[in-house]
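# Residue-level structural notes
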Amino acid sequence: MHCCSGEKTESKPDQHIDPVCKMTVAAATAKATYELDGVSYFFCCQGCADKFKASPDVYLKAAEAVSVSITPSSRKPAPVKISTSGYTCPMHPEIITDGPDDCPLCGMALEPMMPSAVDESADEELKDTTKRLALSAAFTVPVVLLPMSHMLGMGTAHDTTATSGFNSHLLNCWAQFALATPVVAYAAIPFFARGAKSLSGFNLNMFTLLSLGIGLPYLYSLLSLLAVTFAAGEASHEHIVYFESATVIATLAWVGQLLEAKARIKSTSAVRELVTLLPTDATVLLPDGSEVKMPIADLSIHARVKVRPGERIAVDGTVVEGRGSVNESLLTGEPMPVLKETGSNVSAGTINVDGSLVIDAERIGTETLLSQIVQLVSQAQRSRVPVQKMADKVSSVFVPSVLAISALTMAGWLAVGASLPVAMSLALAVLVVACPCALGLATPMSIVVASGVAAKAGVLFKEARSLQLLAECDTLVIDKTGTLTDGTPRVSSVVTLSNMLPHEVLAFAAALEHKSEHPLATAVVTANKGKAILDCTDFASSAGLGITGSVTNKKVAVGSSRFLEELSINLAAQSTNGGDSNLTSVFVAVDGLCVGRIDFDDAIRPEAQAAIQELQKRGLKIVMATGDGMGAANHVATALGITQVHASLLPSAKAALVKELQSAGAKVAMAGDGINDAPALAQAGVGIAMGAGADVALQAADIVLIQNDIQGLVKAHKVSRAMLSNITENLWLAFGYNLVAIPLATGLFASTLGFTLDPMAAAVGMSLSSVLVIGNALRLKAIKL
C-alpha cells in the first residue's frame, strides 16, 4: 500500500491526507477521489486531483518521503550523513588516518581527504606554527646578539676577566644557553618528534636532518660549556658555542613551515570554493504544512525541501511543486537561468533566482553531484603522475646520502687539519641546507593547483595521471553525436515505406525508444509527444545497432540498415536516402517488414569549430569516429575541418580503431558521450566524457567535461600541458637547488669562492627551497582558460 497517500489518519479513521497539498480530507466530504493500483485517494479539490492524475509517481514519492523522513518513526531510514572522511599526506596519499597527525614517511602535517569550507586542522596548524615562530624569534634575537656583544660595546665573547668565579665569556655562553633552551626544548619539539618518528621507522626525511641540525649544535654547546665550567678553568678564546645556530635554524625552519602551510592552503582554494557552494541546512516541509530548518546531515531521502528565491538549492532532486528560474552556471557554464517546474531535475549548489520551489530530495550530502565533484577532485589531487616516480626514487636515497655526505665533510676537514668548530659548522650546514621536501612537493603541489583550476573551469580529472597522459597525447579520437553536435537530434521527417501512416510508424518506434537512453531515442519520444506510448515487452538492445521488442503482439525492430539486414529484413531501395544522406536515419520494421524510415538532423555545436581548430593548432591530430553513416559524418567533418573520418562503427569497432592507432605509435585520447563510446573510452590512454553523457560513458572516462561544452577539451589540454611543464620546472628547481647547495655547504669551493656556507645561511636556503617550489606551482592559477 502506498504510504500516506490514501491512508487513513491515526486520530480519525474516516479522514485521509490529500497526496498533493497534504491537507486532511474527510472521505465523506472529499471534492474528488481517484483509484490507483487498488488504492483510493481523496482530494480537497478537483485541481489537486488533476495534478495527481497527471503525475501520480511524483506525488506518491513525495508523500512517502514526508511520512517516513520527518516524523519520528521506527520506519525512518538512517539519514545520509556528510562523510568526514580521513586525513592523508599530500606527498604520500597512501597514508590515511582518522584524525590530524604527521605523516610517518615525510613528517608533513596530514590534510583532510574531503576538504571543507573551513579547514579547522589547517587553522590549528597555522596557529601553532605562528605561536612557535613568535617564541623562537623572540628568544633567537638576543641569542644572536650576545656573541656579537663585543661589537656593540658590551664586551666580547672572549673576554677573560673573572666575575664571581666565572669569566664574562662563560656568563655570555650561559646566557645564550638560557635563552636558547626555550627554543630547542619547546618551540622545536615538533621537529624532534617528527625526526624521532622518522628514525624509529627508518623513513628518513627532512625532519631527520632538521632535528639533527638543531639538536647537535645545542648538545655540543651544552656539553662543551659544562666541561669548561666544571673544569673550573677559564674559557679559552678558542671555545665556541653554537646556541645561536640551533635557534636560528629552528626559527627559520618555522618561517618555512608557515610559508609552506599558507601556500598549501592557497593551493586547495579552488576546491574549498566549491565546498562553500553547498548549503549547510535546508527548509523542510512537515506533513502539517509547517516548515522547519534542519542541518543537511539530518535530512533523509525523499524529504520535501522548500527553496525560496535567492537561496541555494541544498539537495539533488525533482521539483514537485512550484515554478522558478534556477542559475545552473556552476555546473553548466550557462549564465542564463533555466526554467524549473514540476518534474524538473535540480542540483545542489545551484541558485533559485525567482519563484518558490518544493523539491523531492533524491541525493543528499556527499551523494549530490557537486559533492561528488569535490570528492573526485580531491581524489585526483591525492593521486600521482608517472613522472613522479623519478622524484620518489631520488627521495628514497636522498636523506641517507646527505647524512653520509655530512659525516664525510666533517671527517675530511678534520683530516686536513681544520679545527673541530670549523669542521662541525660545515657538517651542520650540509645537514640543514639539504631539502628533500622540495623534491617531494615538486609534483603534488602542481597536481593540487592544476586539478583545482580545472574543476573551477568545468573539467574534472579523476586521476592525476590523466593530466600527464593528456598532455602527452598526439591524437584525439572524437565521437560525433552529442560531442561535436548538440546531441539533441530532432526528427526531421518520417518516411513511410509501406501502407502504414507516418504517425503509426512513429508510434511503434516510440514504444521501443522510450526505454533507451540514446539521443535519437529521446528525439523519437519527443516527436511522439502528446500521444500515448504503446506498451513494449521483451525489450532488447544491441549497442550501436538498434533495439527490438514486442508491441501489441507484433515484433518491432528499430535501428540502422545494417541492424535490420542482420535480422534478415530486406531493405532494398528503401535505404536510398539513409546511409548516403547528410541526415542520420533509422529504420522501423514490424513483423519482419520494413515499414518506414525516420530521419534526424542534429545541429553542430556553435563552439565546435573554434575548439577543433584550437586543438589542431596545439598539435593534436583529430579523428572522427561515429556510428552514423558516412554522409552524415562527412557533413559534420567538412564543416569542422576534420579530414580523417570513420563512420558506421559499432562500439567494438571504435575501440578497435583506438587500438589500431595505438599500435601505430599514436598516443590516443578519446572523447565521447554515449554507451557506444564506453569501450573506446576505456581503451584510449585518456577517456574524456561529456558531462551530459550516459552513466556508463562517465564511468569509463578519465576526464569529465562537467559543463557539456566541447571547449572543455581545449581547457583540459591547456591545463594538462601547463601542469606537466610546471612539474618539470619544479623538479629542476628542486634538483638544481640541492645539486648546488649541498656541494657548496661542504666547503669544497671555499678556496675558489672565498667563503663557506654558515649553518644559519643554510637554514634560510632550506626554508626558501620548498616555498619556491610551492610558489611556482601557484603560478598555475593564472592559466587563462
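Residues numbered from 1 in each chain as written. Predicted model: local features only at pLDDT ≥ 70, side-chain atom pairs only at ≥ 80, totals over all residues. Heavy atoms only, no water.

## Section: helix H4 (residues 168-187)
Rules: Only DSSP runs of H or I with at least four residues qualify as helices, and only runs of E with at least two residues qualify as strands; both kinds are numbered from the N terminus onward. In a helix, the anticipated span is given by 1.5 Å times the number of residues less one. The bend at a residue is defined as the angle formed between two axes, one fitted to the seven residues ending at that residue and one fitted to the seven starting there. Type-normalised accessible area, obtained with a 1.4 Å probe on protein chains alone, sets the label of each residue: buried when under 20%, exposed when over 50%, and partly exposed for intermediate values.
Helix length check: H4, at 20 residues, gives a terminal C-alpha distance of 28 Å against a target of 28 Å (1.5 Å per residue), a fit within 8%. At Ala 180, H4 is bent by approximately 35°, the largest bend along its length, and proline Pro 182 sits one to four residues beyond. Among the residues making up H4, those that are buried are Ser 168, His 169, Leu 170, Asn 172, Cys 173, Gln 176, Phe 177, Ala 180, Val 183, Val 184 and Ala 187.

## Some details on the sheet that holds strand E14 (residues 324-327)
Rule in force here: Being paired, for any two strands, means DSSP has found at least two bridges between them. Fitted lines through C-alpha atoms serve as axes, helices being fitted only where they are in contact, and the angles separating the N-to-C directions of these axes extend from 0 to 180 degrees.
If you walk across this open sheet you meet the three strands as E15-E14-E17, and the pairing is antiparallel. One side of each edge strand has no neighbouring strand; the edge strands of this open sheet are strand E15 (338-340) and strand E17 (351-354). For this sheet, the mean angle separating the axes of adjacent strands, direction not counted, is 45°.

## Section: the packing of helix H12 (residues 420-433) against helix H26 (residues 759-778)
The description of two packed helices rests on the angle between their axes and on the distance between the axes. Stated formally: Roughly parallel covers angles under 35 degrees, roughly antiparallel covers those over 145, roughly perpendicular covers 65 to 115, and oblique covers all other angles. Contacts were defined at the residue level, with two residues in contact if any of their heavy atoms lie within 4.5 Å.
At a minimum axis distance of 8 Å, the contact between H12 and H26 shows a crossing angle of 10°. Here H12 lies roughly parallel to H26, going by the angle between them. Taken together, the residues of H26 that come into contact with H12 (itself represented by Ser 425, Leu 428, Ala 429, Val 432 and Val 433) are Pro 759, Ala 762, Ala 763 and Met 766.

## Section: the nonpolar core
Worth spelling out the cut-off: The criterion is simple. A nonpolar core is a set of buried Ala, Val, Leu, Ile, Met, Phe, Trp, Tyr and Cys residues joined through side-chain atoms within 4.5 Å.
Of all hydrophobic cores here, the largest spans 118 residues; its most connected members are Ile 214, Phe 461, Leu 484, Ile 688 and Leu 713. Among the elements that take part in this core, helix H24 (residues 711-746) stands out by supplying twelve residues, more than any other. Formed by 22 residues, the second largest nonpolar core is a distinct cluster that contains Ala 509, Ala 510, Ala 523 and Ile 547.

## What to know about the pairing of strand E29 (residues 668-672)
Both faces of the sheet carry side chains from a regular strand, because those side chains alternate between them. For E29, the buried fraction is high: five of the five residues fall into the buried class. Summarising the sheet, strand E20 (residues 475-478) and E29 pair through four bridges and their orientation is parallel. Its bridge partner lying in E29, Leu 476 is registered against Ala 669. Pairing analysis gives four bridges linking E29 to strand E30 (residues 686-690), with the strands arranged parallel. Bridge pairing links Ala 671 to Ile 688 in E30.

## Considering the environment of Cys 473
When you line up the elements, Cys 473 lands in the loop between helix H15 (464-472) and E20. Since its relative accessible area comes to 5%, Cys 473 is described here as buried. Measuring from C-alpha to C-alpha, the distance between Cys 473 and Ala 669 comes to 6.4 Å, with 196 residues separating the pair along the chain. In this view, Cys 473 contacts Leu 620, Lys 667, Val 668, Ala 669, Val 686 and Arg 721; residues no more than four positions away in its chain are not counted.

## Digging into the sheet that holds strand E22 (residues 536-542)
Read from one edge of the open sheet, six strands run E21-E26-E25-E24-E23-E22, paired in antiparallel fashion. With one partner strand each, in any of the chains shown, strand E21 (490-496) and E22 form the two edges of the open sheet. Each adjacent strand pair in this sheet contributes to an overall mean axis angle of 20°, direction not counted.

## Examining the side chain of Ser 371
Keep this limit in mind: Here a polar contact means two N or O atoms within 3.5 Å. Within protein one must be a hydrogen donor candidate and the other an acceptor candidate, and residues neighboring in sequence count only if both atoms are side-chain atoms.
Structurally, Ser 371 is set in helix H10 (residues 369-382). Within the structure, Ser 371 has its side chain in polar contact with the side chain of Thr 368 (distance 3.0 Å).

## Digging into the environment of Ala 27
Within the secondary structure, Ala 27 is located in the loop between strand E2 (24-26) and strand E3 (32-36). Here the alpha-carbon distance between Ala 27 and Phe 42, two residues 15 residues apart in the chain, equals 6.6 Å.

## Looking at the confidence of the model for the chain
Using the following cut-off: Every residue carries a pLDDT, the predictor's confidence in it, which falls somewhere between 0 and 100.
With 81% of its residues at a pLDDT of 70 or more, the chain shows a mean pLDDT of 79. Predicted confidence is poor over residues 61-84, with pLDDT under 50, and the contacts of this stretch with residues over four places away or in other chains come to 61 contacts. Low pLDDT (under 50) marks residues 233-238, which in the prediction has 14 contacts with non-local residues, meaning those over four places away or in another chain.

## Concerning a nonpolar patch on the surface
Worth spelling out the cut-off: Surface patches are drawn from residues lacking salt bridges whose relative accessible area is over 30%; two like charges belong together within 9 Å, two nonpolar side chains (Val, Leu, Ile, Met, Phe, Trp, Tyr) within 5 Å. To be clear on the numbers: accessible area is Shrake-Rupley with a 1.4 Å probe, and residue cover counts the displayed protein chains and nothing else. Salt-bridge detection follows one rule: a side-chain nitrogen of Lys or Arg within 4 Å of a carboxyl oxygen of Asp or Glu.
Taken together, the side chains of Leu 748, Phe 749, Leu 753 and Phe 755 present a nonpolar region at the surface, about 420 Å² in accessible area. Topologically, Leu 748 is positioned in the loop between H24 and helix H25 (750-753). Overall, Leu 748 belongs to the exposed group, its relative accessible area being 62%.

## Things to note about the packing of aromatic side chains
Note the cut-off: Paired rings are identified among Phe, Tyr and Trp, the last through its six-membered ring, by centres lying within 6.5 Å, and are further divided according to the angle between planes into stacked (under 30 degrees), edge-to-face (over 60) and tilted (the rest). Here, over-ring charges are defined by two tests on the NZ atom of lysine or the CZ atom of arginine: distance to the ring centre within 6 Å, and angle to the ring normal within 35 degrees.
In total, this model carries six aromatic pairs according to the counting rule given. With a centroid separation of 5.5 Å and 90° between ring planes, the pair formed by Trp 174 and Phe 177 is classed as edge-to-face. Taken together, the residues span about one helical turn, with Trp 174 and Phe 177 both in helix H4 at a distance of three residues. Judged by relative accessible area, Trp 174 falls into the partly exposed class, the value being 24%. Through a chain of ring-to-ring contacts, the aromatic side chains of Trp 174, Phe 177, Tyr 218 and Phe 243 assemble into a single cluster. Between the NZ or CZ atom of Arg 132 and the centre of the ring of Tyr 186, over which it lies, the distance is 4.6 Å. Its end group placed over the ring of Phe 207, Arg 194 keeps NZ or CZ at 4.8 Å from the ring centre.

## Looking at the pattern of salt bridges
According to the stated counting rule, one finds 14 salt bridges in the structure shown. For Asp 101, the salt bridge is made with Lys 197, and the minimal N-O distance between the two is 3.6 Å. Remark: Lys 197 occurs in helix H5 (residues 189-200) and Asp 101 occurs in the loop between strand E6 (96-97) and strand E7 (111-112); sequence separation between them is 96 residues. The partly exposed category is assigned to Asp 101, whose relative accessible area is 38%. We classify Lys 197 as partly exposed; its relative accessible area is 31%. In this structure, Arg 308 and Glu 291 form a salt bridge, with 2.3 Å as the shortest nitrogen-oxygen distance. Within this pair, whereas Arg 308 is found in the loop between strand E12 (304-307) and strand E13 (316-322), its partner Glu 291 is found in strand E11 (residues 291-295), the two being separated by 17 residues in sequence. On the basis of relative accessibility, which here comes to 32%, the residue Arg 308 falls in the partly exposed class. Glu 291 gets classed as partly exposed once you look at its relative accessible area, which sits at 34%. Here the salt bridges do not stand alone but share partners, grouping Glu 291, Lys 306 and Arg 308 into one network.

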